[in-house]
Amino acid sequence: MNTKKLGELRIDMVDLQEDLKQIANFYFSSTYSEFICGVWESCALWNKSGLPNNTVVFAYEGQPTKTLYAEQLPYISNLIQNTFYFDHLKLIRLVRLKNNSVIIPHKDFLETEEEFLRFHIPLQTDESCFNSEEDTVYHMKLGEIWHLNASLVHSAASFSPQERLHLILDFEKRVNLQQIIKIEFNDEGIPPENIIEREELKANFFTEIKVLSKIINQFNFIDILAILIKTHFTKNLSAAKVFYILFKIAEESEDPALIEKAKNLYSYCMLERDSSLLGSE
Ligand code: YCP
Ligand code: CO
């Protein structure tokens, strides 16, 4: 099932603001920071252990437990309960992406025993926050409900002075949407009004970008990567091509450590991850 906007929730901004004030005091964990240039953090509202700092995605039998944080968010908890059936629920996280931060293009569920059905609801965002899937860049507006196919290459970026805050809900994969979503929903894919137009690449783009090989080193590797990811959000460059260019730049630098780093990052984000990296909960 492809990424699509399912609908939008009516958000009471005054009530939401009360919950956002609570969230400002929450402890967010840095799980999955290896996928980020900048800062992306998460805390759990519902998970297996009921402990808010267990934010790892993994398959388990049975129902999740409410964490203390869910108790402290009456408005958001209500919103969730009115929108989703909990029978096949596994994990609900609050995730925040700080200003000038980008997520390295990746596929999720490479390390998990099972894949999940994933939903996003933005709780704090603006037009300077972007998501992408393969060759499409789009914006999820506040209160919209999205199904994300996280098995495809995807990425995100925030250039907003406010932290971008999303709810992410993961359900068992082997059920259909009617068993998860309580409200009426559309199947309109990524609507044109959510899609961000990007500039075409110049004919010699791939040759000229290799000039970055003159400055790349172990200290700025992550910065060069961030520049390439940001380029994906403004120019017609696919998420996967970011790795292709990074690899070409590393190759041209003739530094074996950088070539290895680029190769390993590609493999980790796009091909395979060891399940021992899952941590324990
Ligand atoms: C996830 N995708 O939420 C991952 C980790 C980046 C986005 C962090 O499963
Ligand atoms: Co992801």
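Just so we're clear, the structure is a prediction, and the values are computed from it rather than from any experiment. (Residues numbered from 1 in each chain as written. Chains lettered and ligands numbered in written order. Predicted model: local features only at pLDDT ≥ 70, side-chain atom pairs only at ≥ 80, totals over all residues. Heavy atoms only, no water.)

Caption draft 1: Layout of empty space enclosed by the protein. Enumeration over the complete set of coordinates arrives at two cavities of 30 Å³ or more. The space that makes up the largest cavity amounts to roughly 330 Å³. Residue lining of the largest cavity: 25 residues in total, with Trp 40, His 106, Asp 108, Arg 118 and His 154 positioned closest to the centre. Looking at the lining of the largest cavity, the elements with two or more residues in it are β5 (89–97), β6 (101–106), β7 (116–124), β8 (129–133), β11 (154–158) and β12 (164–172). Element by element, the count of residues in the lining of the largest cavity is highest for β11, at three residues. Split by residue class, the lining of the largest cavity holds twelve nonpolar, seven polar and six charged. As a volume, the second largest cavity reaches approximately 50 Å³. Looking at the lining of the second largest cavity residue by residue, the class counts come to six nonpolar, one polar and four charged. (1 Å grid on protein atoms, 1.4 Å probe; cavity = no way out; pocket = protein on both sides within 12 Å on 5 of 7 lines; lining within 4 Å. Points joined across faces, edges and corners; volume = space filled by probe spheres on them. Helix = DSSP H or I, 4+ residues; strand = E, 2+ residues; numbered from the N terminus. Nonpolar A, V, L, I, M, F, W, Y, C, P; charged D, E, K, R; others polar.)

Caption draft 2: Examining the pattern of salt bridges more closely. Under the definition given, this model contains 17 salt bridges. Salt-bridge contacts for Asp 187 lead to Lys 4; the nearest nitrogen and oxygen are separated by 3.1 Å. Of this pair, Asp 187 sits in the loop between β12 and α4 (205–208) while Lys 4 sits in strand β1 (residues 4–8), placing them 183 residues apart in sequence. Taking relative accessible area as the criterion, Lys 4 reaches 7% and is therefore assigned buried. Through salt bridges with shared partners, one network takes in Glu 41, Arg 96, Lys 98 and Glu 163. (Salt bridge = Lys/Arg side-chain N within 4 Å of Asp/Glu carboxyl O. Buried < 20%, exposed > 50% of the residue type's maximum accessible area, 1.4 Å probe, protein only.)

Caption draft 3: Quick look at the site of ligand 1. Taken together, Tyr 32, Trp 40, Val 57, Arg 93, Ile 103, His 106, Asp 108 and Arg 118 form the complete shell of residues around ligand 1. The side chain of Arg 93 places a nitrogen or oxygen atom 3.1 Å from an oxygen atom of ligand 1. Contacts to ligand 1 include His 106, whose side-chain N or O atom sits 3.0 Å from a nitrogen atom. Compared with its free state, where it exposes 270 Å², ligand 1 has 94% of that area covered by protein. Under a 2 Å grid-point criterion requiring more than half of the atoms, the pocket assigned to ligand 1 is the largest cavity. Tallied by class, residues from the shell around ligand 1 come to four nonpolar, one polar and three charged. (Near = heavy atom within 4 Å. Polar contact = N/O pair within 3.5 Å; in protein donor to acceptor, adjacent residues only side chain to side chain. Areas by Shrake-Rupley, 256 points an atom, 1.4 Å probe, with all protein chains shown as cover. Sits in = over half its atoms within 2 Å of the grid points.)

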